[in-house]
Amino acid sequence: MNKIRILIIVLTLLINNTFAQKESLQDLIDIALQVSPELKMYEAKIRSSENRIQQNSNLPDPMLSLGVMSLPVPSLSFNKEMMTAKVVGLSQEFPFPGTLSAKENANSKDVEIVKQEYNDKRNEIIKDLTQNYYELIYIRKEIELTEKSRQLMKQILDVVRSMYSVADASQQNVFRVELELTKMSEMIAALNSEEAEQLSAINSLLLRSPSTELETDSLPQISFAHINIDELVSKAEANRPYLRGIQIAEEKEKLNQSVAEYDFYPMFRLSAQYAFREDIQPDGMAQENMISLMLDISLPLNYGGKVSAMVEETKSMQEMFREQYSASVQMLKREFGMAVAKLNSLKHRIELVEQGSLIQAKENFNSALASYQVGEIDFMNVIEAQNNLYAIEKNLYRLKADYLKQIAELEFLTGTKL
């Protein structure tokens, strides 16, 4: 019984390792987001930023003072002089009211900025995985089409050899078909290498072995939609984490300006001391203990304009982030313009192929093959028709894959689904 159970377990492991895993694109995205070291790095950075908030937004620790006052030398006696005392003091610094809350508000923006960095990296991982997945689908489709074309060429070779055996075709015709078959075999070998590269790229995002097999679906149905540049810019301004991070950075500098301006106001330090005095010898005169209270107030004279410089620095940083935001939007408009033009071109070409050249190429190939079998045309016409059909089918799949990859790029740039 135990031997049977062990055999079942071994067979199960072999099956799991032999056959490719069936996972949808969304499944792969979920796995990539879950295991990503980069996202884990940003999660740690978020926690670090949260811990940093309390470091500068609370009162400094109080100071405990222990000492001796007016101790005579060289006797070092505590009971000879009336002013001699043992002193215990406690002091606490207080910033101007509102300073600590201003620092807390400014530091809290760091958390928001890192969260936007996290979201932008998350979207980038989705984009990279999606584009690699569609590219892998295309390469596998090209391998499929090339293999299909090679099988058809083998059928043509059988016909040519039959005709050559009865002197209806030349040996040169046989060599030509064999040459085409060799070219297709070489193409399949090159495509297999490209497939391995794309599979490795996907597995790297999944933290899997580069050679781990993966089943892919066919390309999803394309639903063409009108995409407007202004709408894309609006979506990006509303949803792109990168742009939102720049805005939050500007908001932080405004808060840093408020923090810097508090340095124009005084700081306070409250201190208390208690002095223990001993009876004076030799007559034993009793001495009362003493208490002292002090309030220190700093004088914010702004020597050398140091505080003013801090305020001006924050204003310059605000201007920098505003210009960075404008530059980023300007760059996005340029990329959106090129992307929309490319999408429109891809859409037009896909429609032309599906509604025209693909249908014509299929009809042309079927007609050429039938005519060649009855000796009406030369085999070169069949090869040309077959190659034309193969090229058109491959091109159509290439156009569809490029369209979907471009949509994935736009979704990353806008930070939302289109």
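Residues numbered from 1 in each chain as written. Predicted model: local features only at pLDDT ≥ 70, side-chain atom pairs only at ≥ 80, totals over all residues. Heavy atoms only, no water.

Quick word on the overall build of the protein
Rule in force here: Working definition: helices are DSSP H or I runs of at least four residues, strands are E runs of at least two. Numbering for both runs from the N terminus. Relative accessibility thresholds used throughout: buried, under 20% of the residue-type maximum; exposed, over 50%; partly exposed, between the two (1.4 Å probe, protein chains only). Computed with the Shrake-Rupley method and a 1.4 Å probe, the accessible areas treat only the protein chains shown as cover for residues. Charged residues are defined narrowly, with Lys and Arg counted positive, Asp and Glu counted negative, and His plus the chain ends left uncounted. All charge positions are set by atom: Lys at NZ, Arg at CZ, Asp at CG, Glu at CD.
Counting its secondary structure elements, the protein contains 9 helices and 6 strands. In terms of its C-alpha atoms, the protein occupies a principal-axis envelope of roughly 145 × 70 × 35 Å. Looking at the protein as a whole, 36% of its 418 residues are labelled buried. When the accessible surface of the protein is split by element, carbon and sulfur atoms take 54% of a total near 24700 Å². The average position of the 45 basic charges and that of the 59 acidic charges among the side chains of the protein differ by 2 Å.

What to know about unusual backbone geometry
Here the amide bond leading from Val73 into Pro74 is cis, since omega sits at 10 degrees, within 30 degrees of zero. You can see Pro74 is positioned in the loop between β2 (63–69) and β3 (85–94). A positive phi angle, close to 55 degrees, is found at Ser70, a residue other than glycine. As for its position among the elements, Ser70 is in the loop between β2 and β3. Despite not being glycine, Leu207 shows a phi value in the positive range, around 55 degrees.

What about the pattern of salt bridges?
How we decide: Note on definitions: salt bridges are taken to be side-chain nitrogens of Lys or Arg within 4 Å of carboxyl oxygens of Asp or Glu.
Applying the stated rule across the entire model yields 24 salt bridges. We note a salt bridge from Arg208 to Glu23, for which the minimum N-O separation is 2.9 Å. With a gap of 185 residues between them, Arg208 in the loop between α5 (171–205) and β4 (214–215) and Glu23 in the loop between β1 (21–22) and α2 (25–35) connect regions that are remote in the sequence. Of the charged contacts, one joins Glu144 and Lys141 as a salt bridge, the two residues approaching to 3.5 Å between their closest N and O atoms. Placement of both Glu144 and Lys141 in helix α4 (residues 99–165) is noted, with a separation of 3 residues, approximately one turn of the helix. The exposure class assigned to Lys141 is partly exposed, which follows from its relative accessible area of 22%. Taken together, the shared-partner salt bridges in this structure form one network comprising Lys109, Glu112, Arg244 and Glu251.

Focus: the sheet that holds strand β5 (residues 268–276)
Threshold: Any two strands with at least two DSSP-identified bridges between them are counted as paired. Throughout, an axis means a line fitted to C-alpha atoms (over the contacting stretch in the case of helices), and angles, computed between N-to-C directions, take values from 0 to 180 degrees.
Strand order in this open sheet of 4 strands is β2-β3-β5-β6, and the pairing throughout is antiparallel. Edge positions in the sheet fall to β2 and β6 (290–297), since each of these pairs with one other strand and no more. Here the average twist between neighbouring strands, direction ignored, is 20 degrees.

Some thoughts on the packing of aromatic side chains
Counted only if it meets this: Between rings of Phe, Tyr and Trp, where Trp is taken as its six-membered ring, a pair exists when centres lie within 6.5 Å; planes separated by under 30 degrees are stacked, by over 60 edge-to-face, and by other angles tilted. Distance and angle both matter: a charge sits over a ring if NZ of Lys or CZ of Arg is within 6 Å of the ring centre and within 35 degrees of the ring normal.
In the structure shown here, the tally under the stated rule is 6 aromatic pairs. For the ring pair Phe96 and Phe268, a centre distance of 6.4 Å and an interplane angle of 25 degrees mean the geometry is stacked. Remark: Phe268 occurs in strand β5 and Phe96 occurs in the loop between β3 and α4; sequence separation between them is 172 residues. Assessed through its relative accessible area of 24%, Phe268 is described here as partly exposed. It is Lys127 that lies over the ring of Phe412; its NZ or CZ is 4.8 Å from the centre.

Some remarks on the environment of Glu261
With respect to the helices and strands, Glu261 occurs in helix α7 (residues 241–261). The partly exposed category is assigned to Glu261, whose relative accessible area is 31%. Between the alpha carbons of Glu261 and Thr99 there is a distance of 9.2 Å; along the sequence they are 162 residues apart.

Here we look at α7
Applied cut-off: Helix span is expected to be 1.5 Å times the residue number reduced by one.
For α7, built from 21 residues, the straight-helix expectation of 30 Å at 1.5 Å per residue is met to within 8% by its first-to-last C-alpha distance of 30 Å. Three or more residues of α7 are buried, namely Pro241, Leu243, Gly245, Ile246, Ile248, Ala249, Glu250, Lys252, Glu253, Gln257, Val259 and Ala260.

Concerning the pairing of β3
Two strands pair when backbone bridges link them, and β2 and β3 are joined in this way by 7 bridges, in the antiparallel orientation. Residue pairing in the sheet places Met63 in a bridge with Ser91 of β3. Here 9 bridges tie β3 to β5, and the two strands are oriented antiparallel to one another. Paired with Phe94 across the two strands is Phe268, which belongs to β5.

Here's the deal with the pairing of β5
Direction of pairing for β5 relative to β6: antiparallel, over a ladder of 8 bridges. Bridging across to β6, Ala272 finds its partner in Leu293.

Concerning the side chain of Gln198
Filter applied, for reference: In this description, contact between two residues means that some pair of their heavy atoms is separated by no more than 4.5 Å.
Counting through the fold element by element, Gln198 comes out in helix α5. Residue class for Gln198 comes out buried when judged on its relative accessible area of 17%. Here Gln198 is in contact with Asn132, Glu135, Leu136 and Ile139, once residues within four sequence places are set aside.

Re the packing of α7 against helix α8 (residues 306–373)
The following threshold applies: Each angle receives one of four descriptions, namely roughly parallel if under 35 degrees, roughly antiparallel if over 145, roughly perpendicular if within 65 to 115, and oblique otherwise. By the convention adopted, Pro, Cys, Tyr, Trp, Phe, Met, Ile, Leu, Val and Ala count as nonpolar, Lys, Arg, Asp and Glu as charged, and the other residues, Gly among them, as polar.
It is the contact of α7 with α8, at a shortest axis distance of 9 Å, that shows an interaxial angle of 170 degrees. One finds that α7 runs roughly antiparallel with respect to α8. Partitioned by chemical class, the residues of the contact of α7 with α8 number 13 nonpolar, 7 polar and 6 charged.

Description of the confidence of the model for the protein
Using the following cut-off: In predicted models, pLDDT denotes the confidence assigned by the predictor to each residue on a 0 to 100 scale.
When pLDDT is averaged across the protein, the result is 87; 91% of the residues are at 70 or more. Predicted confidence for residues 5–20 stays below pLDDT 50, and this span has 3 contacts to residues more than four positions away or in other chains.

Considering the packing of helix α6 (residues 229–239) against α8
Keep this limit in mind: By the definition used in this description, the sense in which the near helix is turned from the far one sets the handedness, with an anticlockwise turn below a right angle giving left-handed and a clockwise turn giving right-handed.
Two numbers describe how α6 lies on α8: the axes approach to 9 Å, and their chain directions differ by 140 degrees. The orientation of α6 relative to α8 falls into the category oblique. Between α6 and α8 the crossing geometry is right-handed. Contacts between α6 and α8 involve Ile229, Leu232, Val233, Ala236 and Glu237 on the former and, on the latter, Tyr325, Val329, Leu332, Lys333, Phe336, Gly337 and Val340. For the contact of α6 with α8, the per-class residue count stands at 9 nonpolar, 1 polar and 2 charged.

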